[in-house]
Amino acid sequence: MKVEVQITFKDGILDPQGKVIKHSLHSLGFSSIKEVKISKNIILELEETNSQKAQSQVKSMCEKLLANTVIEDYKIKLA
Amino acid sequence: MKVAVLQFLCTNCEYDTQYAFEKLGAKVQIVWHQNTNLPQNTQLLVIAGGFSYGDCLRSGAIAKVSPIMKAVVNFAQQGGLILGICNGFQILLEAGLLPGAMRHNDSLRFISKPSTLKIINNNNIFLKLFNPNDTVRIPCAHAEGNYYINKTGLSSLKKNNQILLTYCNEQGQEINFNGSVQSIAGICNAKRNIFGLMPHPERAMDKFCVSCDGIKMLQGFLSK
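About the criteria used
Per chain, the residues get numbers from 1 upward, laid out in the order the sequence is written. Working convention: letters from A go to chains and numbers from 1 go to ligands, in the order in which they are written. Restriction of local features to residues with pLDDT of at least 70 applies here, the model being predicted, together with a cutoff of 80 or more for giving and counting side-chain atom pairs; totals for whole chains, interfaces and linings are based on all residues. Excluded from the side-chain calculations are hydrogens and water; all other atoms, namely the structure's heavy atoms, are used. The helix count covers DSSP runs of H or I at least four residues long, the strand count covers runs of E at least two residues long, and both are numbered beginning at the N terminus. Radius of gyration here is computed from C-alpha atoms only, and the compact-globule reference equals 2.2 Å multiplied by the residue count raised to the power 0.38. Three exposure classes are used, based on accessible area relative to the maximum for each residue type with a 1.4 Å probe and protein chains only: buried under 20%, partly exposed in between, and exposed over 50%. Residue contacts are defined here by distance: any two heavy atoms, one from each residue, within 4.5 Å place the two residues in contact. Each accessible area value is a Shrake-Rupley result obtained with a 1.4 Å probe; residue values ignore everything except the protein chains displayed when judging cover. Charge assignment: positive for Lys and Arg, negative for Asp and Glu; neither His nor the chain ends contribute. A single reference atom marks each charge: NZ on Lys, CZ on Arg, CG on Asp, CD on Glu. Criterion for a salt bridge: a side-chain nitrogen of Lys or Arg within 4 Å of a carboxyl oxygen of Asp or Glu. To form a nonpolar core, buried Ala, Val, Leu, Ile, Met, Phe, Trp, Tyr and Cys residues must be joined to one another through side-chain atoms within 4.5 Å. Two strands form a pair only when DSSP identifies at least two bridges running between them. Here an axis means a line fitted to C-alpha atoms, over the contact stretch when the element is a helix, while the angle between two N-to-C directions is reported on a 0 to 180 degree scale.

Concerning the overall build of chain B
Okay, so step 1: When helices and strands are counted, chain B shows 5 helices and 11 strands.
Okay, so step 2: A compact globule built from 224 residues should have a C-alpha radius of gyration of about 17 Å, and chain B, at 16 Å, falls within 12% of that.
Okay, so step 3: The dimensions of chain B, computed from C-alpha atoms along their principal axes, are 45 × 35 × 35 Å.
Okay, so step 4: For chain B, buried positions account for 58% of its 224 residues.
Okay, so step 5: Summarising the internal contacts of chain B: among those between residues at least 6 apart in sequence, 74% fall at separations of at least 24.
Okay, so step 6: Taken as a whole, chain B presents about 9300 Å² of accessible surface, with 48% of it coming from carbon and sulfur.
Okay, so step 7: Across chain B, the 21 positively charged side chains and the 13 negatively charged ones have centroids separated by 8 Å.

Quick notes on the overall build of chain A
Okay, so step 1: Counting its secondary structure elements, chain A contains 2 helices and 3 strands.
Okay, so step 2: When the helices and strands of chain A are listed from N to C terminus, the series reads β-α-β-α-β.
Okay, so step 3: The C-alpha radius of gyration computed for chain A amounts to 16 Å, which surpasses the reference 12 Å derived for 79 residues by more than 25%, pointing to a less compact arrangement than a globule.
Okay, so step 4: Along the longest, intermediate and shortest principal axes, the C-alpha atoms of chain A span 50 × 25 × 15 Å.
Okay, so step 5: Within chain A, buried positions represent 27% of all 79 residues.
Okay, so step 6: Within chain A, contacts between residues at least 6 apart in sequence are counted, and of these 66% link residues at least 24 apart.
Okay, so step 7: As presented, chain A carries roughly 5300 Å² of accessible surface, and 52% of it is formed by carbon and sulfur atoms.
Okay, so step 8: Placing the 12 positive and 10 negative side-chain charges of chain A at their respective mean positions leaves the two points 5 Å apart.

Thoughts on the pattern of salt bridges
Okay, so step 1: As enumerated under the stated definition, the model contains 7 salt bridges over all chains in all.
Okay, so step 2: Between Asp11 of chain A and Lys37 of chain A there is a salt bridge, with its nearest N and O atoms 3.0 Å apart. With Asp11 of chain A in the loop between strand E1 (2-9) and helix H1 (16-27) and Lys37 of chain A in the loop between H1 and strand E2 (39-45), this residue pair connects regions lying 26 residues apart in the sequence.
Okay, so step 3: Here Glu94 of chain B and Arg58 of chain B are joined by a salt bridge, their closest N and O atoms 2.7 Å apart. Of the two residues, Glu94 of chain B is situated in helix H3 (residues 87-94) and Arg58 of chain B in the loop between strand E3 (44-47) and helix H2 (68-77); the sequence distance between them amounts to 36 residues. The residues Glu94 of chain B and Arg58 of chain B share a single accessibility class, namely buried.

A closer look at the nonpolar core
Okay, so step 1: The biggest cluster of nonpolar side chains holds 74 residues, and the ones touching the most others in it are Leu83, Phe126 and Leu165 of chain B.
Okay, so step 2: Broken down by element, this core gets its largest block of residues, 6 residues, from H2 of chain B.
Okay, so step 3: For Phe126 of chain B, the residues in contact, after removing those within four places along its chain, are Leu83, Leu164, Leu165, Phe195, Leu197, Met217, Gly220 and Phe221 of chain B.
Okay, so step 4: Listed in part, the 12 residues of the second largest apolar core include Val5, Ile7, Cys62 and Leu66 of chain A.

Observations regarding the pairing of strand E2 (residues 27-32) of chain B
Okay, so step 1: With 6 bridges joining them, strand E1 (residues 2-7) of chain B and E2 of chain B adopt parallel strand pairing. By the bridge assignment for E2 of chain B, Lys2 of chain B is matched with Lys27 of chain B.

Side note on the side chain of Asp15 of chain A
Residues and elements named next belong to chain A.
Okay, so step 1: Its location among the elements puts Asp15 in the loop between E1 and H1.
Okay, so step 2: For Asp15, which is buried and forms no salt bridge, the nearest opposite charge comes from Lys37, at a distance of 7.1 Å.
Okay, so step 3: Sequence-distant contacts of Asp15, defined by excluding residues within four places in its chain, comprise Phe9, Val36, Lys37 and Ile38.

Thoughts on the sheet that holds E1 of chain A
Residue and element names in this part refer to chain A.
Okay, so step 1: Pairing is antiparallel across the open sheet formed by 3 strands, whose spatial order is E2-E1-E3. Edge positions in the sheet fall to E2 and strand E3 (72-78), since each has one partner strand and no second. The mean inter-strand angle of the sheet, taken between neighbouring strand axes irrespective of direction, is 20 degrees.
Okay, so step 2: Pairing of E1 with E2 involves 7 bridges; the strand directions are antiparallel. When the sheet's bridge partners are listed, Glu4 is paired in E2 with Ile43.
Okay, so step 3: The sheet strands contacting helix H2 (residues 51-66) are E1, E2 and E3, and the helix crosses E3 at an angle near 155 degrees.

Okay, here's the thing in structure tokens:
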């Protein structure tokens, strides 16, 4: 089973790359942009076929390693 | 004193750290990350700077799941003294042994220059040779030293006097060095046996360095 994890900075946590990209887009004339956020996508291929079990395994992976929940949020998408 | 210095893949300050502590008369052993035990009778464990695992995922994230880390956590729980410098500090945060997290520097730049630091609290073994408000000059070299902690965490740090060092100018006024909350450069845990800082005291040990202020910092662990 394919599982996709999307990791973003929590609201209010400075996203320096997003900020720089926003400035660069502004300087190209895209003045309507209000915010740019960067996210990390991690694609996992699991042997597990039960989606509930896969969900709970990946949640545990996120909590233990994939995300730093002090500053990051994660979303799990089962394919 | 017996000092153990951890060595992960891409650690690069272990020999400087060894040199610094040996200069102060300590016995130093470098410990490879695949080991599952610390050397017997280790009195101080130093997690040296560098870019463990090439900062893959997040700085310190992969190191925290290395085989040696179980022994590190045990050592910490038994009250063992731990000092994390730069990447070592990041590893301690990732491992949950110190509160908070590191973000990329707000300038997006890798900052490699001397920093002036203010001693905020000296009621701990690390900074006991200083007085509050003393300043020291210590080199910094990091891309992710922008310390973050939420409001609740910050009040708890303040309440327990866990903020040890802040970035300041030569007059001792706090400055924004890398974006850190309250200009924090170094903290300790509530039990005051685990210390983390971004600047490198082991690089301020000789006349040819920026300063010799690192000696007085590391000496804290060795003197009674």
